[in-house]
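# Reading the structure
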Amino acid sequence: KQEVTQIPAALSVPEGENLVLNCSFTDSAIYNLQWFRQDPGKGLTSLLLIQSSQREQTSGRLNASLDKSSGRSTLYIAASQPGDSATYLCAVFGNEKLTFGTGTRLTIIP
Amino acid sequence: GAVVSQHPSWVICKSGTSVKIECRSLDFQATTMFWYRQFPKQSLMLMATSNEGSKATYEQGVEKDKFLINHASLTLSTLTVTSAHPEDSSFYICSASGAGVVGYTFGSGTRLTVV
């Protein structure tokens, strides 16, 4: 059974800092990995998707990396802004299932 | 981009009644739809997977007679919570995948409160 863990569970950083969110998964037989953002009481917004054959994806200030063999992914956020405050979830797709991580609640302090 | 519309965004119902939640793919054909449940400050837990025209596949521990899922067309899936109880109060989110769509697209979620 796939298990996905995100560390830290919560993170507060001053505005302007760069930061890294971590995601680890137990079964490396994945098809892809996706990072999402969830605002309180809202649905999910897809940020980046990395196919199993890829090592990283970039979109604006966001960069996600994938090391399938070690079961790890990181989401790098550059020059953080208060609007980045949200819960960030990673999810891996494998065995026809999308399994979500536990989430990291990010607070950017103005 | 791919858009999934979920309605209602919130609903309050009396204990013992049934509630239907709709999930529509607006600009693509959703061959597979997923229903998730999320408790406060917890991650999403998959409830069931539905393929158009087929019976839904439920995850272990999810009562299929209580959470009725219908995926009758390529653009619409519904989740009906039957005989709702206060413990069914939660945030329900659908997602969809289909040909030509990369990854998974999520609805905006439905906050269900059973009183």
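Residues numbered from 1 in each chain as written. Chains lettered and ligands numbered in written order. Predicted model: local features only at pLDDT ≥ 70, side-chain atom pairs only at ≥ 80, totals over all residues. Heavy atoms only, no water.

Here the focus is the packing of aromatic side chains. Here the distance between the centres and the angle between the planes together describe a pair of aromatic rings. Tallied over the full model, the rule gives nine aromatic pairs over all chains. Judged by centre distance (5.0 Å) and plane angle (80°), the rings of Phe36 of chain A and Phe106 of chain B are edge-to-face. Of the two residues, Phe36 of chain A sits in strand E4 (residues 32–38) while Phe106 of chain B sits in strand E10 (residues 105–106), which places them in two different chains. When its relative accessible area of 0% is taken as the criterion, Phe36 of chain A is described as buried. Since its relative accessible area comes to 7%, Phe106 of chain B is described here as buried. The interplanar angle of 40° and the centroid separation of 6.4 Å between the aromatic rings of Phe67 of chain B and Tyr92 of chain B together place this pair among those described as tilted. Separated by 25 residues along the polypeptide, Phe67 of chain B in strand E7 (residues 67–73) and Tyr92 of chain B in strand E9 (residues 90–97) bring together distant segments of the chain. Assigned by exposure class, Phe67 of chain B and Tyr92 of chain B land together as buried. (Phe/Tyr/Trp six-rings, centres within 6.5 Å; stacked < 30°, edge-to-face > 60°. Helix = DSSP H or I, 4+ residues; strand = E, 2+ residues; numbered from the N terminus. Buried < 20%, exposed > 50% of the residue type's maximum accessible area, 1.4 Å probe, protein only.)

Quick look at the state of the cysteines now. Evaluation of the coordinates by the stated rule reveals two disulfides over all chains. Between the sulfur atoms of Cys23 of chain A and its disulfide mate Cys90 of chain A the distance is 2.0 Å. As the torsion about the S-S bond is roughly 75°, the Cys23 of chain A-Cys90 of chain A disulfide counts as right-handed. One end of the pair, Cys23 of chain A, is in strand E3 (residues 19–25); the other, Cys90 of chain A, is in strand E9 (residues 86–94), with 67 residues separating them in the sequence. Accessibility expressed as a relative area gives 0% for Cys90 of chain A, which makes it buried. Two residues share a disulfide in this structure: Cys23 of chain B and Cys94 of chain B, whose sulfurs sit 2.0 Å from each other. Across the disulfide from Cys23 of chain B to Cys94 of chain B, rotation about the S-S bond amounts to roughly 80°, and the bridge is consequently right-handed. (Disulfide = S-S within 2.5 Å.)

Our focus in this paragraph is the sheet that holds strand E1 (residues 4–7) of chain B. Residues and elements named next belong to chain B. Across the sheet, which stays open at both edges, the four strands sit in the order E1-E3-E8-E7 with antiparallel pairing between neighbours. One side of each edge strand has no neighbouring strand; the edge strands of this open sheet are E1 and E7. Across this sheet, the average inter-strand angle for adjacent strands is 15°, counted without regard to direction. Taken together, the four bridges between E1 and strand E3 (residues 19–25) define a ladder with antiparallel strand orientation. Residue pairing in the sheet places Val4 in a bridge with Ser25 of E3. (Pairing = 2+ DSSP bridges. Axes fitted to C-alpha atoms, helices over the stretch in contact; angles between N-to-C directions.)

Here we take up the side chain of Thr49 of chain B. Residues and elements named next belong to chain B. The topology assignment puts Thr49 in strand E5 (residues 44–51). The exposure class of Thr49 is buried, given its relative accessible area of 14%. Setting aside anything within four residues of it in sequence, one finds Thr49 in contact with Thr32, Met33, Phe34, Ala56 and Thr57. (Contact = heavy atoms within 4.5 Å.)

Turning next to the interface of chain B and chain A. Counting residues at the interface gives 15 residues for chain B and 16 residues for chain A. When chain B packs against chain A, the two sides together hide about 1,300 Å² of surface, and 58% of this comes from carbon and sulfur. On the chain B side of the interface with chain A, the three residues burying the most area are Ser43, Tyr104 and Phe106 of chain B, jointly 39% of the side's total. Counting every contact that joins chain B to chain A gives zero salt bridges. The interface formed by chain B and chain A contains four residue pairs in polar contact (both at pLDDT 80 or more). (Buried area = accessible area lost by both parts, 1.4 Å probe. Salt bridge = Lys/Arg side-chain N within 4 Å of Asp/Glu carboxyl O. Polar contact = N/O pair within 3.5 Å; in protein donor to acceptor, adjacent residues only side chain to side chain.)

Residues and elements named next belong to chain A. Alternating positions in strand E1 (residues 4–7) separate cleanly, Val4 and Gln6 being buried on one face and Thr5 and Ile7 remaining unburied on the opposite face. Bridging between E1 and E3 involves four bridges; their strand directions are antiparallel. Following the sheet pairing, Ile7 is matched in E3 by Asn22.

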